[in-house]
Amino acid sequence: MEIGLTHYLIISAILFSLGMFGIVARKHAIMVLMGLELVLNAANINFIAFARFGGMNIEGHVAAIFVIILAAAEAAVALAIVLNIYQNFRHVNVDEVDQMRD
Amino acid sequence: MDLITIGFYFLAALTIVFGAIVVITKNIMHSAFSLLFTFAGIAGLYVLMQADFLAITQIMIYIGGILVLIIFGVMLTTHITGVDVRSGTLGKFQMIGAVMMMIVIAVSLIVVFMSTRWFLAESQPVEETAPQIGNLLLTKYLLAFEAASMLLLIAIVGAAFIARKHK
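Residues numbered from 1 in each chain as written. Chains lettered and ligands numbered in written order. Predicted model: local features only at pLDDT ≥ 70, side-chain atom pairs only at ≥ 80, totals over all residues.

## Notes on the domain arrangement of chain B
Part 1 of the argument: You can read the domains of chain B as domain 1 (1-79) and domain 2 (128-167).
Part 2 of the argument: Here the C-alpha centre of domain 2 of chain B lies 23 Å away from the C-alpha centre of domain 1 of chain B. (Domains from an automatic or database assignment.)

Shown next, in the form of structure tokens:
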């Protein structure tokens, strides 16, 4: 069977659901961040697959580049916040962090 | 089975197996390193989809940047040597709910993807993508490109400001 659009879409669907599971089921803030990266990568696979099989439309690549830019900015800010939480609470479990001031 | 098919299934298995390890394993350091193989597999899938520039970008930004940042974050916030008692997993009830949610999302997405009749253009000759992406970024998407540069600047300054040591 020829490798087509559906194959790539199924990979991205599985990756997306794994990322959602990581976001929902894990307590460590950095694990939540990793789940988020998996979700963004799944979206990127979709962009590129539609660009490839919709007649090599390059605008999908540009959209994927913007997703990567946003992921980089989000990772930097999120890790800064996580470090700050660690300084205050000495742990980073997202379900136990319940106040924003010292 | 030609080489492309074998390569596709190898990369797909690499991506999904290590992606599962990322979310399942207890040791957070192991999941950070499994993320490396997931990102590498995704870069390989980009190569199979003729997106050469995106594959290099994936390797440079995700593996070289975001992953290193995540590993730094793990090492700065987790007690690596001792078992961190406070970072347990969910209760049984919530875990069952999370697994159910994951299965429902995966099955419904796959059913939608398989049952839709996608409009497919006939395959065109593939050229290098980097010059075309550069053209688009500096013509049609110029405003978004500049906004992204401002966003990155603000994110850098804001992250440095938030993460600094408080007196």
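From this point, the narrative continues.
## Remarks on the interface of chain B and chain A
Part 1 of the argument: Counting from both sides, the interface comprises 66 residues of chain B and, opposite them, 63 residues of chain A.
Part 2 of the argument: Elements that contribute at least two residues to the side of chain B that touches chain A include exactly helix H1 (3-24), helix H2 (28-48), helix H3 (52-77), helix H4 (92-115), helix H5 (130-138) and helix H6 (142-163) of chain B.
Part 3 of the argument: For the side of chain B that touches chain A, the element with the highest residue contribution is H3 of chain B, accounting for twelve residues.
Part 4 of the argument: The residue makeup of the side of chain B that touches chain A, split by class, is 50 nonpolar, 15 polar and one charged. (Contact = placed C-beta atoms within 7 Å. Helix = DSSP H or I, 4+ residues; strand = E, 2+ residues; numbered from the N terminus. Nonpolar A, V, L, I, M, F, W, Y, C, P; charged D, E, K, R; others polar.)

## Considering unusual backbone geometry
Part 1 of the argument: Although it is not a glycine, Gln50 of chain B sits at a positive phi angle of roughly 65 degrees.
Part 2 of the argument: Within the secondary structure layout, Gln50 of chain B lies in the loop between H2 and H3.

## Description of the packing of helix H2 (residues 29-53) of chain A against H3 of chain B
Part 1 of the argument: H3 of chain B packs onto H2 of chain A with a crossing angle of 170 degrees between their chain directions and a minimal axis gap of 11 Å. In terms of their interaxial angle, H2 of chain A and H3 of chain B are classed as roughly antiparallel. Here Ile30, Leu33, Met34, Glu37 and Ile48 of chain A of H2 of chain A come into contact with H3 of chain B, specifically with Leu54, Ile66, Ile70, Gly73, Val74 and Thr77 of chain B.
Part 2 of the argument: Across the contact of H2 of chain A with H3 of chain B, the residue classes break down as eight nonpolar, two polar and one charged. (Axes fitted to C-alpha atoms, helices over the stretch in contact; angles between N-to-C directions. Parallel < 35°, antiparallel > 145°, perpendicular 65-115°, else oblique.)

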